[in-house]
Amino acid sequence: MEINSKIEKAKEGDQIAFTFLLDFYWNEVYGFMLKRTENETIAEDITIETFSKAFDKIATYNPDFQFNTWLISIAKNVYIDLLRKKKTNLFIEITDNEDQQAYNIADPTPSAEDALIKEQNLSRLLLCIKELKPHYQEVIQLRYFQEMTYQEIALKINEPLSNVKVKLLRAKKLLAEIIERNR
(Lines give C-alpha, C1' and ligand atoms only; values in the text may rest on other atoms or scores of the structure.)
Protein backbone atom coordinates (compact mmCIF):
# COMPACT_ATOMS: atom_id res chain seq x y z
CA MET A 1 0.00 0.00 0.00
CA GLU A 2 2.88 2.37 0.83
CA ILE A 3 4.35 1.82 -2.66
CA ASN A 4 1.11 2.90 -4.31
CA SER A 5 1.02 6.11 -2.28
CA LYS A 6 4.68 6.82 -3.19
CA ILE A 7 3.86 6.24 -6.86
CA GLU A 8 0.95 8.66 -6.64
CA LYS A 9 3.15 11.26 -4.94
CA ALA A 10 5.82 10.73 -7.61
CA LYS A 11 3.17 11.33 -10.28
CA GLU A 12 2.57 14.70 -8.59
CA GLY A 13 6.30 15.48 -8.83
CA ASP A 14 7.27 14.70 -5.21
CA GLN A 15 11.09 14.40 -5.17
CA ILE A 16 11.12 12.38 -1.93
CA ALA A 17 8.78 9.81 -3.50
CA PHE A 18 11.08 9.54 -6.53
CA THR A 19 14.05 8.92 -4.24
CA PHE A 20 12.10 6.32 -2.26
CA LEU A 21 11.12 4.44 -5.44
CA LEU A 22 14.68 4.61 -6.77
CA ASP A 23 16.06 3.21 -3.48
CA PHE A 24 13.35 0.58 -3.18
CA TYR A 25 13.66 -0.83 -6.72
CA TRP A 26 17.28 -0.06 -7.60
CA ASN A 27 18.74 -3.43 -6.59
CA GLU A 28 16.02 -5.39 -8.38
CA VAL A 29 16.45 -3.56 -11.70
CA TYR A 30 20.25 -3.43 -11.40
CA GLY A 31 20.45 -7.16 -10.51
CA PHE A 32 18.19 -8.04 -13.43
CA MET A 33 20.39 -6.10 -15.87
CA LEU A 34 23.65 -7.37 -14.35
CA LYS A 35 22.57 -10.97 -15.05
CA ARG A 36 21.91 -10.09 -18.67
CA THR A 37 24.87 -7.83 -19.40
CA GLU A 38 27.46 -9.41 -17.09
CA ASN A 39 29.00 -5.94 -16.92
CA GLU A 40 28.58 -3.70 -13.85
CA THR A 41 29.06 -0.42 -15.70
CA ILE A 42 26.60 -1.24 -18.47
CA ALA A 43 24.07 -2.59 -15.95
CA GLU A 44 24.38 0.61 -13.91
CA ASP A 45 24.00 2.84 -16.98
CA ILE A 46 20.93 0.90 -18.13
CA THR A 47 19.44 1.06 -14.63
CA ILE A 48 19.95 4.83 -14.44
CA GLU A 49 18.40 5.30 -17.88
CA THR A 50 15.52 3.02 -16.86
CA PHE A 51 14.69 5.16 -13.83
CA SER A 52 15.09 8.32 -15.87
CA LYS A 53 12.60 7.08 -18.47
CA ALA A 54 10.27 5.74 -15.79
CA PHE A 55 10.23 9.03 -13.90
CA ASP A 56 9.70 10.98 -17.11
CA LYS A 57 6.74 8.74 -18.03
CA ILE A 58 5.41 7.94 -14.56
CA ALA A 59 2.07 9.52 -15.43
CA THR A 60 1.56 6.68 -17.95
CA TYR A 61 2.11 3.95 -15.33
CA ASN A 62 -0.92 1.63 -15.09
CA PRO A 63 -1.50 0.57 -11.44
CA ASP A 64 -3.16 -2.66 -12.66
CA PHE A 65 0.40 -3.97 -13.09
CA GLN A 66 3.21 -4.27 -10.55
CA PHE A 67 5.55 -1.26 -10.55
CA ASN A 68 8.64 -3.49 -10.62
CA THR A 69 7.28 -5.31 -13.70
CA TRP A 70 6.85 -1.95 -15.41
CA LEU A 71 10.42 -0.95 -14.51
CA ILE A 72 11.83 -4.28 -15.74
CA SER A 73 10.03 -3.92 -19.08
CA ILE A 74 11.53 -0.43 -19.47
CA ALA A 75 14.97 -1.86 -18.60
CA LYS A 76 14.55 -4.61 -21.21
CA ASN A 77 13.69 -2.01 -23.86
CA VAL A 78 16.68 0.15 -22.91
CA TYR A 79 18.91 -2.94 -23.18
CA ILE A 80 17.43 -3.90 -26.56
CA ASP A 81 18.07 -0.35 -27.82
CA LEU A 82 21.67 -0.62 -26.60
CA LEU A 83 22.14 -3.94 -28.41
CA ARG A 84 20.71 -2.47 -31.61
CA LYS A 85 23.12 0.45 -31.42
CA LYS A 86 26.04 -1.94 -30.88
CA LYS A 87 24.91 -4.08 -33.81
CA THR A 88 25.01 -1.09 -36.16
CA ASN A 89 28.48 -0.14 -34.92
CA LEU A 90 30.20 -3.45 -35.67
CA PHE A 91 33.75 -3.15 -36.91
CA ILE A 92 35.15 -4.93 -39.94
CA GLU A 93 37.99 -7.25 -39.06
CA ILE A 94 41.33 -6.15 -40.46
CA THR A 95 44.80 -7.64 -40.27
CA ASP A 96 47.62 -6.18 -38.18
CA ASN A 97 49.37 -5.08 -41.36
CA GLU A 98 46.28 -3.20 -42.60
CA ASP A 99 45.86 -1.68 -39.15
CA GLN A 100 49.46 -0.42 -39.20
CA GLN A 101 48.99 1.05 -42.70
CA ALA A 102 45.86 2.88 -41.54
CA TYR A 103 47.69 4.11 -38.45
CA ASN A 104 50.55 5.44 -40.57
CA ILE A 105 48.15 7.31 -42.86
CA ALA A 106 45.88 8.79 -40.21
CA ASP A 107 47.28 11.80 -38.41
CA PRO A 108 45.81 11.70 -34.88
CA THR A 109 46.68 15.32 -34.10
CA PRO A 110 43.68 17.61 -34.48
CA SER A 111 43.87 20.35 -37.07
CA ALA A 112 43.74 23.98 -35.96
CA GLU A 113 40.07 24.05 -37.01
CA ASP A 114 39.28 20.89 -35.02
CA ALA A 115 40.94 22.35 -31.93
CA LEU A 116 39.01 25.61 -32.31
CA ILE A 117 35.67 23.81 -32.75
CA LYS A 118 36.37 21.62 -29.72
CA GLU A 119 37.27 24.69 -27.64
CA GLN A 120 34.13 26.56 -28.74
CA ASN A 121 31.91 23.56 -28.00
CA LEU A 122 33.47 23.18 -24.55
CA SER A 123 32.97 26.89 -23.85
CA ARG A 124 29.29 26.63 -24.83
CA LEU A 125 28.86 23.54 -22.69
CA LEU A 126 30.44 25.26 -19.67
CA LEU A 127 28.11 28.25 -20.12
CA CYS A 128 25.14 25.89 -20.18
CA ILE A 129 26.38 24.10 -17.06
CA LYS A 130 26.61 27.48 -15.28
CA GLU A 131 22.84 27.89 -15.80
CA LEU A 132 22.23 24.86 -13.56
CA LYS A 133 21.71 25.19 -9.81
CA PRO A 134 25.01 24.89 -7.89
CA HIS A 135 24.32 21.37 -6.53
CA TYR A 136 23.70 20.13 -10.09
CA GLN A 137 26.83 21.91 -11.35
CA GLU A 138 28.84 20.17 -8.65
CA VAL A 139 27.75 16.61 -9.50
CA ILE A 140 28.21 17.21 -13.25
CA GLN A 141 31.69 18.59 -12.61
CA LEU A 142 32.68 15.72 -10.32
CA ARG A 143 31.33 12.99 -12.60
CA TYR A 144 32.28 14.21 -16.06
CA PHE A 145 35.24 16.53 -15.56
CA GLN A 146 36.93 14.85 -12.59
CA GLU A 147 35.66 11.42 -13.71
CA MET A 148 34.72 10.33 -10.19
CA THR A 149 32.59 7.23 -9.61
CA TYR A 150 29.12 7.57 -8.12
CA GLN A 151 30.47 6.20 -4.82
CA GLU A 152 33.34 8.71 -4.76
CA ILE A 153 30.89 11.56 -5.41
CA ALA A 154 28.62 10.33 -2.61
CA LEU A 155 31.56 10.38 -0.19
CA LYS A 156 32.80 13.76 -1.43
CA ILE A 157 29.45 15.56 -1.06
CA ASN A 158 28.42 13.47 1.97
CA GLU A 159 25.14 12.25 0.49
CA PRO A 160 23.66 8.78 -0.04
CA LEU A 161 24.53 7.03 -3.30
CA SER A 162 20.90 7.05 -4.44
CA ASN A 163 20.74 10.86 -4.04
CA VAL A 164 23.85 11.23 -6.18
CA LYS A 165 22.28 9.08 -8.90
CA VAL A 166 19.04 11.07 -8.83
CA LYS A 167 20.92 14.38 -8.87
CA LEU A 168 22.99 13.29 -11.87
CA LEU A 169 19.87 12.10 -13.63
CA ARG A 170 18.12 15.41 -13.06
CA ALA A 171 21.24 17.44 -13.87
CA LYS A 172 21.70 15.69 -17.22
CA LYS A 173 18.03 16.15 -18.08
CA LEU A 174 18.08 19.86 -17.16
CA LEU A 175 21.37 20.37 -19.00
CA ALA A 176 19.93 18.77 -22.14
CA GLU A 177 16.94 21.14 -21.91
CA ILE A 178 19.24 24.16 -21.50
CA ILE A 179 21.38 23.08 -24.47
CA GLU A 180 18.28 22.56 -26.62
CA ARG A 181 16.88 25.94 -25.58
CA ASN A 182 20.16 27.71 -26.42
CA ARG A 183 20.40 26.25 -29.93
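You'll find the structure just up there.
Note that the structure is predicted; figures quoted are calculated from it, not measured.

Reading the values: the criteria
Residues numbered from 1 in each chain as written. Predicted model: local features only at pLDDT ≥ 70, side-chain atom pairs only at ≥ 80, totals over all residues. Heavy atoms only, no water. Helix = DSSP H or I, 4+ residues; strand = E, 2+ residues; numbered from the N terminus. Buried < 20%, exposed > 50% of the residue type's maximum accessible area, 1.4 Å probe, protein only. Areas by Shrake-Rupley, 256 points an atom, 1.4 Å probe, with all protein chains shown as cover. Salt bridge = Lys/Arg side-chain N within 4 Å of Asp/Glu carboxyl O. Contact = heavy atoms within 4.5 Å. Phe/Tyr/Trp six-rings, centres within 6.5 Å; stacked < 30°, edge-to-face > 60°. Lys NZ or Arg CZ within 6 Å of the ring centre and 35° of its normal. Patch = residues over 30% accessible without salt bridge, like charges linked within 9 Å, V, L, I, M, F, W, Y side chains within 5 Å. Core = buried A, V, L, I, M, F, W, Y, C linked by side-chain atoms within 4.5 Å. Domains from an automatic or database assignment.

Things to note about the overall build of the protein
The number of helices and strands found in the protein is nine helices and zero strands. By the burial criterion, 32% of the 183 residues in the protein qualify as buried. Split by element, the accessible area of the protein, about 12,900 Å² in all, is 53% carbon and sulfur.

Quick look at the pattern of salt bridges
Here the idea is simple: oppositely charged side chains can pair when their charged atoms come close. Using the criterion set out here, one finds six salt bridges in the structure. Asp56 is the salt-bridge partner of Lys173, the closest N and O atoms lying 2.9 Å from each other. Pair noted here: Lys173 is in helix α9 (residues 161-181) and Asp56 is in helix α3 (residues 40-56), with a separation of 117 residues, a long-range link. Between Glu159 and Lys167 there is a salt bridge, with its nearest N and O atoms 2.7 Å apart. On the basis of relative accessible area, Glu159 is assigned to the partly exposed category, the value being 24%. Among the residues examined, Lys167 registers a relative accessible area of 15% and is labelled buried.

Examining unusual backbone geometry
Phi at Glu147 is positive, roughly 55°, even though this residue is not glycine. Within the element layout of this structure, Glu147 appears in the loop between α7 (134-145) and α8 (150-157). With phi around 55°, Asn158 is a residue other than glycine that occupies positive phi space. By secondary structure assignment, the location of Asn158 is in the loop between α8 and α9.

Here's the deal with the environment of Glu28
Positionally, Glu28 belongs in helix α2 (residues 15-37). Apart from the residues lying within four places of it in its own chain, the contact partners of Glu28 are Asn68 and Ile72.

Thoughts on the packing of aromatic side chains
Summed over all chains, the structure comprises 10 aromatic pairs. Ring centres of Phe20 and Phe24 lie 5.6 Å apart, and the angle between their planes is 20°; on these two criteria the pair is classed as stacked. Taken together, the residues span about one helical turn, with Phe20 and Phe24 both in helix α2 at a distance of four residues. Ring geometry for Trp26 versus Phe51: centroids 5.9 Å apart, planes at 20°, classification stacked. One end of the pair, Trp26, is in helix α2; the other, Phe51, is in helix α3, with 25 residues separating them in the sequence. For Trp26, a relative accessible area of 10% corresponds to the buried category. Among the aromatic residues, ring-to-ring pairing joins Phe20, Phe24, Tyr25, Tyr61, Phe67 and Trp70 into one connected group. Looking at Arg36, its charged tip hangs above the ring of Phe32, at a distance of 3.6 Å from the centre.

Points about a nonpolar patch on the surface
On the surface, Leu122, Leu126, Tyr144 and Phe145 cluster together into a nonpolar patch covering about 350 Å² of accessible area. Those elements that place two or more of their residues in the nonpolar patch are α6 (112-130) and α7. Of note, Phe145 is situated in helix α7. According to the relative accessible area criterion, Phe145 is partly exposed, its value standing at 37%.

Section: the nonpolar core
Core analysis: the largest hydrophobic core is formed by 48 residues, its most contacted members being Leu21, Phe51, Phe67, Leu71 and Ile153. Among the elements that line this core, the one with the most residues is α2, at 10 residues. For this core, the domains that each give at least three residues are domain 1 (1-91) and domain 2 (115-182). Sequence-distant contacts of Leu21, that is, excluding residues within four places in its chain, are made with Lys6, Ile7, Ala10, Trp26, Phe51, Phe55, Ile58 and Phe67.

Note that all results are geometric; they support no functional claim without further evidence.
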